[in-house]
Amino acid sequence: NFINIAIFCINCQNKNNFHHISDFVINEKKNRTVLIYRDQNLPPLGSGCIIKDGYVLTAQHVLTDAWDKLWISYDGNTLTSVNIVKSEAKFDLALLKIIESNQEFPKDNLSFIDREKLNVGDYAFAWTGAYGAPPGFYLGMISHKNRLNFDPMFPKIPFIQVNGIAYPGASGSCVFDEKGNWIGIVRAAIGIREASQVGLVIPIGFVNILLLQYFK
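Along each chain, residues carry numbers from 1 onward, in the same order as the chain's sequence is written. Per-residue local features of the predicted model are confined to residues with pLDDT of at least 70, and side-chain atom pairs are confined, for both listing and counting, to 80 or more; whole-chain, interface and lining totals are unaffected and use all residues. Each side-chain value is derived from all of the structure's non-hydrogen atoms; neither hydrogens nor water enter the calculation.

So, the overall build of the protein: which residues are in play, and what are the values?
The way it works is that DSSP assigns letters per residue, a run of H or I at least four long becomes a helix, a run of E at least two long becomes a strand, and they are numbered from the N terminus. Looking only at helices and strands, the protein has 3 helices and 12 strands in total. Whether a residue is buried, partly exposed or exposed follows from its accessible area with a 1.4 Å probe, protein chains only, as a fraction of its type maximum: under 20%, in between, or over 50%, in that order. Here the protein holds 216 residues, and 47% of them are scored as buried. In this analysis, two residues are considered to be in contact whenever any of their non-hydrogen atoms come within 4.5 Å of each other. Intrachain contacts of the protein at a sequence separation of at least 6 include 60% that bridge at least 24 residues. Each accessible area value is a Shrake-Rupley result obtained with a 1.4 Å probe; residue values ignore everything except the protein chains displayed when judging cover. Surface accessibility of the protein: about 10,900 Å² in total, with carbon and sulfur atoms responsible for 53%.

Right, dumping it as structure tokens:
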């Protein structure tokens, strides 16, 4: 554990030496990720991503243990009420609507890019609430653009495979390319041990199917 933490910190200190993501792009996406709660006194269920004014997208399995009421928050202190307005079990996606907002959230729509324009080896990043902590910056790399038969629950979905982004609590986070374009939603991490896991991202094409069904 000490070695992993040390390597991560070294990479953070020298991040401009090995990727081309600007500080502006990184910080611009910071307030897109929220934590999802069923109770302020309990750990968050997972992460969610504010995709447009008043709406949060997440992975449906994040809400498995949800109660009648749900809240979102940046830090677990100030909570905002949300409702589930659309879900799609086939894609593991769910859309939440902000009911009463006592926090400042982004109002503009996220710009997205299709995975066909991505390249294996491209850097990607996400702000995620890994391990229930307030959202932090995680840098990764696209290692496959069409990963089929890898997730036993969704063998037919061609996921984008990433390294270095998906950890427990990260499901539901938006993933972005080097220019800040939205490429999909964290589905899960697959692997025997946490240190050896790879992440699966639900591609934007499947996200758009859900959004078109609701905003038609």
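Report on the pattern of salt bridges, specifying residues and quantitative values.
Just to be clear on terms, a salt bridge is a Lys or Arg side-chain nitrogen sitting within 4 Å of an Asp or Glu carboxyl oxygen. This model, assessed by the stated rule, comprises 6 salt bridges. Among the salt bridges present, the one from arginine 115 reaches glutamate 116, with a minimum N-O distance of 3.9 Å. A single salt-bridge network, built from bridges that share partners, covers Asp92, Asp151 and Arg187.

Which residues make up the sheet that holds strand β11 (residues 182-190), and what values go with them?
To summarise the sheet geometry, strands pair through backbone hydrogen bonds and adopt either a parallel or an antiparallel arrangement. In short, DSSP must find at least two bridges between two strands for them to pair. The 6 strands are arranged β7-β8-β9-β12-β11-β10 in a closed barrel whose pairing can be described as antiparallel. Recorded for the sheet is a direction-independent mean angle of 45 degrees between the axes of neighbouring strands. Bridge analysis of strand β7 (residues 123-128) against strand β8 (residues 136-147) gives 6 bridges, and the strand direction is antiparallel. Of the residues in β8, the one forming a bridge with tyrosine 123 is methionine 141. Fitting a line to C-alpha atoms yields each axis, with helices limited to the stretch in contact; the angle taken between N-to-C directions then spans 0 to 180 degrees.

Mind laying out the pairing of β7, listing which residues take part and the relevant values?
Of all 6 residues in β7, 6 are buried, a share of seventy percent or more. On β7, burial covers both faces: Tyr123, Phe125 and Trp127 on one face and Ala124, Ala126 and Thr128 on the other are all buried.

Which residues make up the pairing of strand β12 (residues 198-203), and what values do they have?
Across the 6 residues of β12, 6 count as buried, placing the element largely inside the fold. Burial of the side chains of β12 extends over both faces: Val198, Leu200 and Ile202 are buried on one face and Gly199, Val201 and Pro203 on the other. The pairing of strand β9 (residues 159-163) with β12 spans 3 bridges and is antiparallel. Pairing of isoleucine 160 across the sheet is with valine 201, part of β12.

Before we move on, could you go through the sheet that holds strand β1 (residues 33-37) and cite the residues and values that matter?
Read around the closed barrel, 6 strands run β1-β2-β3-β6-β5-β4, paired in antiparallel fashion. Adjacent strand axes in the sheet meet at a mean angle of 45 degrees, parallel and antiparallel pairs treated alike. Relative to strand β3 (residues 55-58), strand β2 (residues 46-52) is paired through 3 bridges, and the arrangement is antiparallel. If you follow isoleucine 50 over to β3, its bridge partner there is valine 56. Packed onto the sheet, helix α3 (residues 204-214) meets β2, β3, β5 (80-88) and β6 (93-100) and runs at close to 50 degrees relative to β6.

Can you explain the packing of aromatic side chains? Please cite residues and give values.
When two rings of Phe, Tyr or Trp (its six-membered ring) have centres within 6.5 Å they constitute a pair, described as stacked for plane angles under 30 degrees, edge-to-face for angles over 60, and tilted for the intermediate range. One pass over the full model with this rule turns up 10 aromatic pairs. Measuring from ring centre to ring centre gives 5.0 Å for phenylalanine 91 and phenylalanine 206, while their planes differ by 70 degrees; the resulting arrangement is edge-to-face. Taken together, the positions of phenylalanine 91 in the loop between β5 and β6 and phenylalanine 206 in helix α3 put the pair 115 residues apart, joining distant regions of the chain. Here the two residues phenylalanine 91 and phenylalanine 206 agree in accessibility, since each one is buried.

Lay out the nonpolar core in plain terms, naming residues and giving numbers.
Within the largest apolar cluster, 30 residues are counted, with the highest numbers of intra-cluster contacts made by Ile51, Leu57, Phe125, Cys174, Trp182, Ile185 and Val207. Top element by residues in this core is α3. It accounts for 5 residues. Apart from residues no more than four positions distant in its own chain, isoleucine 185 is found in contact with Cys49, Leu57, Ala59, Leu93, Gly172, Ser173, Cys174, Leu200, Val201, Ile202 and Val207. We define the nonpolar core as a collection of buried residues of types Ala, Val, Leu, Ile, Met, Phe, Trp, Tyr and Cys that are connected through side-chain atoms lying within 4.5 Å of one another.

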